[in-house]
Amino acid sequence: IDRSVFGVPAGYSKVASTLESLHAESQDSTAVSSPSDVRSDGLINYVSEAEGYSVLLPKYPKIESKVATLNDGRIVRYTLLTSNKDVVYFMAAKYDYSGAIDVSRPETGLQSQLDDFLSGGTSTLVTSNFTTYQSYKALDFVAVSKKDSNVTFRGRFIIVGSNPYALTSVSYNNQYHEENY
């Protein structure tokens, strides 16, 4: 069953589990960014010229490209970027669909992204609200892990053109601070 106007890849609901598992691993970023990529506040401005976006991260990300087949047969390609700062983990993803997606109802598509994130059953929604970021429709949310109430997910789904993006941070032991998001 296609759960959204975007046809969110079935594997996306496992993102919460994936991010939680990063805490158990030592994520050592071995790739070195150039000095021009590092800002004065210590964040790295990761630029993907091939994907056409940039994102600020605390260190050079681990990059994974994935392909999934949706229920309607369309193909979606997405790239996951993961990085961490102490016990706060960050994930950014851009989704590219093989066929056109319906962006005429952005709130419906954004809500579907959030529903799919929660469908893995590993977290409970605390709050969510629709917003606008640089004139783009977005949905911000906060969720808490069902396994460990000290694990907090904070994220934003955003639509730019015909591409949905996901930005998520995971903090442990209440180590979340506004400057980390």
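Residues numbered from 1 in each chain as written. Predicted model: local features only at pLDDT ≥ 70, side-chain atom pairs only at ≥ 80, totals over all residues. Heavy atoms only, no water.

(A) The arrangement of the environment of Asp102 in detail. Relative to the elements of secondary structure, Asp102 occurs in the loop between β5 (88–97) and α2 (106–118). On the basis of relative accessibility, which here comes to 29%, the residue Asp102 falls in the partly exposed class. Taking C-alpha positions, Asp102 is 7.9 Å from Ser162, a pair spaced 60 residues apart along the chain. (Helix = DSSP H or I, 4+ residues; strand = E, 2+ residues; numbered from the N terminus. Buried < 20%, exposed > 50% of the residue type's maximum accessible area, 1.4 Å probe, protein only.)

(B) Region of the structure containing α2. Given a rise of 1.5 Å per residue, 13 residues ought to cover 18 Å, and the 19 Å separating the end C-alpha atoms of α2 matches this to within 8%. Along α2, the residues classified as buried are Pro106, Gly109, Leu110, Ser112, Gln113, Leu114, Asp116, Phe117 and Leu118. (Expected span 1.5 Å × (residues − 1).)

(C) How the structure looks around the pattern of salt bridges. Applying the stated criterion to the full structure yields four salt bridges. Taking the shortest distance from any N to any O, the salt bridge between Lys137 and Glu107 comes out at 3.6 Å. Of this pair, Lys137 sits in strand β7 (residues 136–145) while Glu107 sits in helix α2, and the two are 30 residues apart along the sequence. Judged by its relative accessible area of 37%, Lys137 falls in the partly exposed class. Residue Glu107 is classed as partly exposed on the basis of its relative accessible area of 34%. A salt bridge links Arg156 to Asp140, with the nearest nitrogen and oxygen atoms 2.5 Å apart. Taken as a pair, Arg156 in strand β8 (residues 152–160) and Asp140 in strand β7 lie far apart in primary sequence, 16 residues in all. (Salt bridge = Lys/Arg side-chain N within 4 Å of Asp/Glu carboxyl O.)

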